[in-house]
Amino acid sequence: MKAPGSYQELAELLRSRLPKLASGQLRLAHLLLADPEGTAYRGISEAARLLEIRESSVTRFANSLGLPGYPDIMELCRTWVAEQAQVARRTEHAAEAEPGGLLSAVLEQEQTNLSRTFSHLERPSWLRAVELLARAPRVHVMGLRECRPVADLAAQRLGEVLPAVHRLGGGSLPDELRELCEDEVLLVFSVRRYAADTVRVAGYARETGLPVVALTDNAASPLVESAEVALFAETSGVSHSRSLTALTALTQALITEVAIELGDPKPDHRLLDTLHFYY
């Protein structure tokens, strides 16, 4: 087996193995996916203590990935952290040095995010997400904080092609959750740092018997545990804030495919036209 040569390759390998990992290995994989910055400088003793596993187990896990040992995982993470810092410094320098320098850096980062998001999509998961949404008698949509606008967009666009869409998070959650029924679907959005209410609602839906479709940032997201289907978007930004461009594009692509699955029905705007809603 070829050993990963970058953190991106390591993350891709870990995601592919998640369903087959034992509990201790799974905790370690989640840590590597969720916190590459910390892993870059967290030694094997600290990692083993944090995860409550033996150092020898950490070493064997690194070996199973084709790497000589855990320090090699740390080095991949350090290189990735250095690359991110270099991008940030280049962005700051470009912004100071010439008009439009920041725009060029942002464009480069967004193109990278979009390319990685769509090239890493697993087709069976994608088709299952489309099927669940297209066949549901009602879809509940949940997304808070920075993901609220993406969830709003999803609810609006789905409402144009589906018989019933319910936007969660606008009122009292206990009251809203009473409306969830077993044969419906929950569509959730959250990226690191994950909104606790969104995670709790996804868990409640799973316990209630609703299939959960999650759009999030990586396989270590707490939404994955509750999701029947999870789709991942790259969210790296040129500053400390995360980018939602790829998440938004993924959402629009998903809804477009749902519409096509349903025969691409034309939205009914008669009421809006009657009210002269559009200029």
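Residues numbered from 1 in each chain as written. Predicted model: local features only at pLDDT ≥ 70, side-chain atom pairs only at ≥ 80, totals over all residues. Heavy atoms only, no water.

As a rule of thumb, soluble globular proteins bury nonpolar side chains together. Ranked by size, the top nonpolar core spans 34 residues in total, and within it Val139, Val141, Leu187, Phe189, Leu215 and Leu247 carry the most contacts. Of all the secondary-structure elements, those providing two or more residues to this core are α8 (123-135), β1 (139-143), α9 (148-159), β3 (185-189), β4 (212-216), β5 (229-232) and α12 (245-261). A per-element tally of this core places α12 first, with seven residues. If you look at the next biggest cluster of nonpolar residues, it comprises 31 residues, including Leu51, Ala62, Tyr70 and Val81. (Core = buried A, V, L, I, M, F, W, Y, C linked by side-chain atoms within 4.5 Å. Buried < 20%, exposed > 50% of the residue type's maximum accessible area, 1.4 Å probe, protein only. Helix = DSSP H or I, 4+ residues; strand = E, 2+ residues; numbered from the N terminus.)

Summarising burial for β3: five of the five residues are buried, a large majority. By the alternation rule, side chains of β3 split into Val185, Leu187 and Phe189 and Leu186 and Val188, which are all buried. Bridge analysis of β1 against β3 gives five bridges, and the strand direction is parallel. Paired with Val139 across the two strands is Val185, which belongs to β3. Across four bridges, β3 lies against β4 in parallel orientation. Looking at β4, one finds that Leu186 is bridged to Val212. Each parallel crossover has a hand, and the one from β3 via helix α11 (residues 196-208) to β4 is right-handed. (Pairing = 2+ DSSP bridges. Right-handed = clockwise from strand over helix to strand, strands pointing away.)

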